[in-house]
Amino acid sequence: MNNSSQTLGKMTNYRWMICAMLFFATTINYLDRQVLSLTWKDFIAEEFHWTNTHYGYITMFFSGFYALCMLFAGRFVDWLDTKKGFLWAIGIWSLGACMHAFCGIITSGMVADSWMVGFKGARQAIALVDNAGKIINVSVTLFILARAVLALGEAGNFPAAIKATAEYFPKKDRGFATSIFNAGAQIGALLAPLTIPVIATKWGWEMAFIIIGASGFIWMGFWVFVYKKPEKNPNVSPAELAYINQDELSTHIAEEKIEETQTKKLSFMDCFNFKQTWAFAVGKFMTDGVWWFFLFWVPAYLSSVYKMPSSDPKAQIAIFALYGISMLSLIGGWLPTYFVDKKGMNPYAGRMRAMLIFAFFPLLALLAQPLGHISYWVPICIIGIAGAAHQAWSANIFSTIGDMFPKSAIATVTGIGGMAGGVGSMLINLGSGKLFDYSIESNMNFLGFSGIEAGYFIIFSICAVAYLIGWIIMKTLVPKYEPIEI
């Protein structure tokens with residue numbers, strides 16, 4: 001080992017620079033996704049006469065578009081390759097994020113024939129229109145279109161990030177690297193309540209979309225210069241390249257053989273022939289909607305149940321604390337490595353063992369509403385723990401693709417699973433909006449809860465059991481480590 005190290009020279013750590021770039025991209029991704037959830041209830045709804053159902057439709061269509069785009073985004077990234085694929089993805093979603101800001105101006109033009117106005121003028125023109133139904137229909141349609149563009153670009157983030165991770169990290173480190181860049185989701189969610197309501201209050205909700213959306217264009221400028229394939233990157237030393245390729249390299253395998261293995265490809269349809277693909281897709285379908293529900297509805301939950309609008313400092317601190325707690329998910333990247341290094345398990349077995357542990361923590365969500373009368377901090381802490389468990393689960397379920405599939409198919413399979421997760425998210429978001437409005441209108445009673453609280457109790461209960469069900473199905477489909485060879 002010492003002789004090898006001396007021959008290859010000093011180990012560089014450029015792979016962590018790539019991980020940092022993926023972290024910032026994911027942070028921007030979730031900031032852009034959060035702007036609407038933190039502005040609709042307290043800044044937008046009154047202007048456009050929206051209800052929970054209207055917001056539910058918008059989030060449902062976003063989830064649906066995201067699911068559809070994920071199906072093809074992974075293949076697109078595999079086709080263009082990591083660098084160009086990521087540039088296209090973040091460029092499109094940043095454009096989509098900024099487009100939201102102009103929905104009010106276009107609505108004022110279509111319902112009040114008032115086009116040449118600014119953001120403030122658009123709000124004034126809409127307020128003078130007496131046709132609430134038309135305002136609702138036009139504004140909801142425009143926001144759905146903006147969300148569609150956002151979804152088209154955001155669908156490329158995780159396929160590109162997972163592919164970059166597989167290119168720069170050996171299998172045993174991918175779960176940890178994924179948990180680090182995936183922590184951008186929590187950092188984005190942490191920053192969102194501290195920045196977005198402030199921007200919306202000071203300069204209008206439109207500027208929140210523009211300022212947050214423009215950050216993606218800045219990231220693109222860095223990515224152009226930072227990313228190259230490790231074997232072509234002058235910042236990656238021979239020792240680091242050998243470390244990255246340790247799964248493929250051995251003293252008996254020639255370098256030409258490695259290149260040949262890495263260039264073989266699975267067709268899009270071929271991926272559906274493997275139960276490993278279906279296991280990943282089921283795991284995503286069962287659990288992605290839970291995270292998206294928390295992401296999209298917690299601000300509205302605090303506003304509806306505890307009368308704390310997103311502009312209230314108490315609500316901002318609560319949401320910040322929630323996602324601060326969810327940062328515990330970094331343990332999720334380390335735990336499988338412990339099972340591999342200390343217990344001698346293969347990477348897939350170690351990941352599945354860790355995922356089973358994480359699947360039990362969301363069960364606490366069963367207590368979020370029953371104990372919510374004590375203080376709003378009880379459900380906040382419980383949802384934070386469930387969120388940490390989700391992100392730990394997510395980092396590892398993504399890494400199972402690299403365990404099983406060749407690098408040339410990683411983005412494609414990630415996209416297929418992402419589509420399944422998007423479908424699950426679409427269903428829970430639409431169902432939540434309709435359930436919450438129904439629970440209010442009918443003053444629904446369920447297991448001692450009434451009205452909107454009954455609605456949230458039902459959804460929290462669904463979220464609580466989703467992970468265990470998903471794990472059982474995944475384990476049944478792929479009970480042991482079975483890598484795909486082509």
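Please refer to the structure placed before this passage.
Here we summarise the structure given alongside this text.

Rules of the game
Residues numbered from 1 in each chain as written. Predicted model: local features only at pLDDT ≥ 70, side-chain atom pairs only at ≥ 80, totals over all residues. Heavy atoms only, no water. Helix = DSSP H or I, 4+ residues; strand = E, 2+ residues; numbered from the N terminus. Rg over C-alpha atoms; globule rule 2.2 N^0.38 Å. Buried < 20%, exposed > 50% of the residue type's maximum accessible area, 1.4 Å probe, protein only. Contact = heavy atoms within 4.5 Å. Phe/Tyr/Trp six-rings, centres within 6.5 Å; stacked < 30°, edge-to-face > 60°. Lys NZ or Arg CZ within 6 Å of the ring centre and 35° of its normal. Expected span 1.5 Å × (residues − 1). Bend = angle between axes of the 7 residues up to and from the residue. Axes fitted to C-alpha atoms, helices over the stretch in contact; angles between N-to-C directions. Parallel < 35°, antiparallel > 145°, perpendicular 65-115°, else oblique. Left-handed = near helix turned anticlockwise from the far one by under 90°. Nonpolar A, V, L, I, M, F, W, Y, C, P; charged D, E, K, R; others polar. Polar contact = N/O pair within 3.5 Å; in protein donor to acceptor, adjacent residues only side chain to side chain. 1 Å grid on protein atoms, 1.4 Å probe; cavity = no way out; pocket = protein on both sides within 12 Å on 5 of 7 lines; lining within 4 Å. Points joined across faces, edges and corners; volume = space filled by probe spheres on them.

## So, the overall build of the protein
Right, so step 1: Within the protein one finds 20 helices and two strands.
Right, so step 2: Over its C-alpha atoms the protein spans a radius of gyration of 23 Å, differing by no more than 12% from the 23 Å that the globule rule assigns to 486 residues.
Right, so step 3: For the protein, the spread of C-alpha atoms along the principal axes amounts to about 80 × 55 × 40 Å.
Right, so step 4: Counting only residues that meet the buried cut, the protein has 59% of its 486 residues in that class.
Right, so step 5: Looking at the protein alone, contacts between residues at least 24 apart form 83% of all its contacts between residues at least 6 apart.

## Side note on the packing of aromatic side chains
Right, so step 1: Across all of its chains, the model carries 47 aromatic pairs by this definition.
Right, so step 2: Pairing W40 with Y55 gives two aromatic rings, centres 4.2 Å apart and planes at 10°, and the pair type is stacked. Here Y55 lies in helix α3 (residues 52–80) and W40 lies in helix α2 (residues 14–48), a separation of 15 residues in the sequence. Both residues of the pair, W40 and Y55, count as buried.
Right, so step 3: Ring geometry for F48 against F143: centres 5.9 Å apart, planes inclined by 65°, an arrangement best described as edge-to-face. Linking F48 in helix α2 with F143 in helix α7 (residues 132–154), this pair joins segments that are 95 residues apart in sequence. Take F48 and F143: they sit in the same class, and that class is buried.
Right, so step 4: The ring of Y66 has R33 lying over it, and the distance from NZ or CZ to the ring centre is 5.1 Å.
Right, so step 5: Over the face of the ring belonging to F339 we find R353, whose NZ or CZ atom lies 5.6 Å from the ring centre.

## Overview of helix α20 (residues 452–477)
Right, so step 1: Across its 26 residues, α20 extends 38 Å between first and last C-alpha, which sits within 8% of the 38 Å expected from 1.5 Å per residue.
Right, so step 2: Maximal helix bending in α20 amounts to about 35°, located at A466.

## Some words on the packing of helix α17 (residues 347–360) against helix α18 (residues 377–404)
Right, so step 1: With their axes 9 Å apart at the nearest point, α17 and α18 run at an angle of 160° to one another. Of the possible angle classes, the one that applies to α17 and α18 is roughly antiparallel. The two elements α17 and α18 meet at a crossing, and its hand is left-handed. Note on element contacts: α18 touches α17 through A389, A392, W393, N396, I397, S399, T400, D403 and M404, opposite P347, Y348, R351, M355, F358 and A359.
Right, so step 2: For the contact of α17 with α18, a count of residues per class yields 10 nonpolar, three polar and two charged.

## A short note on the side chain of K229
Right, so step 1: Mapping K229 onto the fold places it in the loop between α11 (205–226) and α12 (238–244).
Right, so step 2: Reaching out from K229, the side chain makes a polar contact with the side chain of D81 at a distance of 2.9 Å.
Right, so step 3: Setting aside residues up to four positions removed in sequence, K229 forms contacts with D81, T82, E167 and Y168.

## Some words on empty space enclosed by the protein
Right, so step 1: A full pass over the atoms with the stated rule returns four cavities of 30 Å³ or more.
Right, so step 2: Considered as a void within the structure, the largest cavity measures approximately 140 Å³ in volume.
Right, so step 3: The wall of the largest cavity is formed by 15 residues, among which Y30, F158, K284, D288 and W292 lie closest to the centre.
Right, so step 4: Listing elements by their share of the lining of the largest cavity, those giving two or more residues are α2, α3, α14 (275–306) and α18.
Right, so step 5: Considered class by class, the residues forming the lining of the largest cavity number seven nonpolar, five polar and three charged.
Right, so step 6: Of the voids in this model, the second largest cavity is the one considered here, and its volume is about 80 Å³.
Right, so step 7: As for the second largest cavity, its lining consists of Q276, A279, F280, Y348, T400, I401, M404, F405, M474 and V478.
Right, so step 8: Elements that contribute at least two residues to the lining of the second largest cavity include exactly α14 and α18.

## Side note on the environment of A45
Right, so step 1: Tracing the sequence through the fold places A45 in helix α2.
Right, so step 2: Between the alpha carbons of A45 and Y306 there is a distance of 18 Å; along the sequence they are 261 residues apart.
Right, so step 3: A45 has contacts with W40 and W50, leaving out every residue within four places of it along the chain.

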